[in-house]
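Chain by chain, the residues run as shown.
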Amino acid sequence: MLSRVANSIYWMNRYMERVENYARFVGVNFNLALDLPPDVDEQWEPLLIATADHFLFHKYYDKPTKEDVIHFMTFDKRNPNSIVSCLYEARENARTIRETISKEMWESINTFYLTIRGTSPDDFRNMDHMQSFFTDIRKNCQLFHGVVDASITRNEAWHFGRLGRHIERADKCSRFLDVKYFTLLQDTGTSGSTLDLMMWTAVLKSVSAYNMYRQTHRALTPMNIVAFLILDKLFPRSIAYSVRQAELSLYAIAGSIPERGHTNPAERALSKMRSELEFTDVEDVFKMGLHKYLDRFQTNNNEVDNAIFDMYFGLESEKSQTQSMGQTSGHIRSQWMN
């Protein structure tokens, strides 16, 4: 397979996963807003900090108000990670490889793009309308991934797509947990309180994990929730599950077997990350500190992405090189594209 084609498939799936997760990020705060006591103000800046978009946001906006944060994360074309920007880039990647993807895939992503492009921020009249809008975005992304799984042969193209989707999903799951860290001041004494529990519950609901969590855990405790979202090997949006699926596809691309050891630097980096997760206990996470652990994971995940780029896409044009840039907490490494 041409590296240009593989690169487009990889990023098409990463962008579609990012679109869904940005819609979910907004869902975090919508859920929190419904549960917060009347004397606690809504906070929207934590979304920007957790996604490492706050530096760019403050370049164009004065304060992180609800309206400005939603507009920046959804419609602002100056933000390369906004829903509109990512959906446009996903469609462009799909357009350049139409001979490789299925007709149903192209129709799904093109219809989705045209629908969002025809939506104006002025169309929002109330919170219910906004929630419905972001729910529709998630459903369209899930429809796209369902079409991919139902219409694509399990060849290199499919594995590059699955690799991109799960690398992106692991990163964003870690950032969902970081939203909780950045919400409210850490010295307000909210830890262990009813308010603290509301925040954890909102995080579970926003990643569609609440029902599956309650099937395996009776109590809503921070330790159990963190263990479920980071270390659970069966829940499809957990970090451990996403990393394992990405690893299987990466090895399948090279025709190698994980149990026999890595054959290139990309496999080594991803297998090392998967191994560390496999031998981590939730107590280890809290001993290090949840935010510090997630920050380190995001750095390692970006290193995996860089290794994949060097291995499979490194001879591509400057456009491909800019696509390979990941995000690290603390500064922006967004996917700038032409």
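Rules used throughout
- Residues numbered from 1 in each chain as written.
- Predicted model: local features only at pLDDT ≥ 70, side-chain atom pairs only at ≥ 80, totals over all residues.
- Heavy atoms only, no water.
- Helix = DSSP H or I, 4+ residues; strand = E, 2+ residues; numbered from the N terminus.
- Buried < 20%, exposed > 50% of the residue type's maximum accessible area, 1.4 Å probe, protein only.
- Contact = heavy atoms within 4.5 Å.
- Areas by Shrake-Rupley, 256 points an atom, 1.4 Å probe, with all protein chains shown as cover.
- Phe/Tyr/Trp six-rings, centres within 6.5 Å; stacked < 30°, edge-to-face > 60°.
- Lys NZ or Arg CZ within 6 Å of the ring centre and 35° of its normal.
- Salt bridge = Lys/Arg side-chain N within 4 Å of Asp/Glu carboxyl O.

Looking at an unreviewed UniProt entry, one finds the protein named Alpha-E domain-containing protein, with Dyadobacter subterraneus as its source organism.

Q: It is not clear to me how the overall build of the protein should be interpreted in this structure. Could you clarify?
A: Per the secondary structure count, the protein includes 16 helices and 0 strands. Looking at the protein as a whole, 55% of its 338 residues are labelled buried. If you take every contact in the protein between residues at least 6 apart in sequence, the share linking residues at least 24 apart comes to 67%. A total accessible area of about 15,000 Å² is found for the protein, and carbon and sulfur atoms account for 51% of it.

Q: Help me understand the packing of aromatic side chains in this model?
A: Two numbers describe a pair of aromatic rings. These are the distance of the centres and the angle of the planes. Applying the stated criterion across every chain yields a total of 15 aromatic pairs. Measuring from centroid to centroid gives 5.4 Å for Trp11 and Tyr15, while their planes differ by 45°, and the two rings are tilted. Highlighted residues: Trp11 and Tyr15, both in helix α1 (residues 3-35), separated by 4 residues, approximately one helical turn. According to the relative accessible area criterion, Tyr15 is buried, its value standing at 0%. Each ring, one from Phe57 and one from Tyr61, has its centre 4.7 Å from the other, and the planes form 15°; the classification is stacked. The class for Phe57 is buried, based on a relative accessible area of 0%. The exposure class of Tyr61 is buried, given its relative accessible area of 10%. Through successive ring pairs, a cluster of aromatic residues spans Tyr10, Trp11, Tyr15, Phe160, Tyr312 and Phe313. Directly above the ring of Tyr60 sits Arg78, whose terminal nitrogen or CZ lies 4.1 Å from the centroid.

Q: I would appreciate a short explanation of the pattern of salt bridges in the present structure.
A: Pairs can form between side chains of opposite charge once their charged atoms are near each other. This model, assessed by the stated rule, comprises 18 salt bridges. Arg18 serves as the salt-bridge partner of Glu168, at 2.7 Å between the closest nitrogen and oxygen. Linking Glu168 in helix α8 (residues 156-182) with Arg18 in helix α1, this pair joins segments that are 150 residues apart in sequence. For the pair Glu168 and Arg18, a shared accessibility class is recorded, and that class is buried. The salt bridge partner of Asp76 is Arg78, with a shortest N-O separation of 3.0 Å. Look at Asp76 and you get buried, because its relative accessible area is 4%. Within this structure, Arg14, Arg18, Glu168, Asp171, Lys172, Arg175 and Asp305 form a network of salt bridges that share partners.

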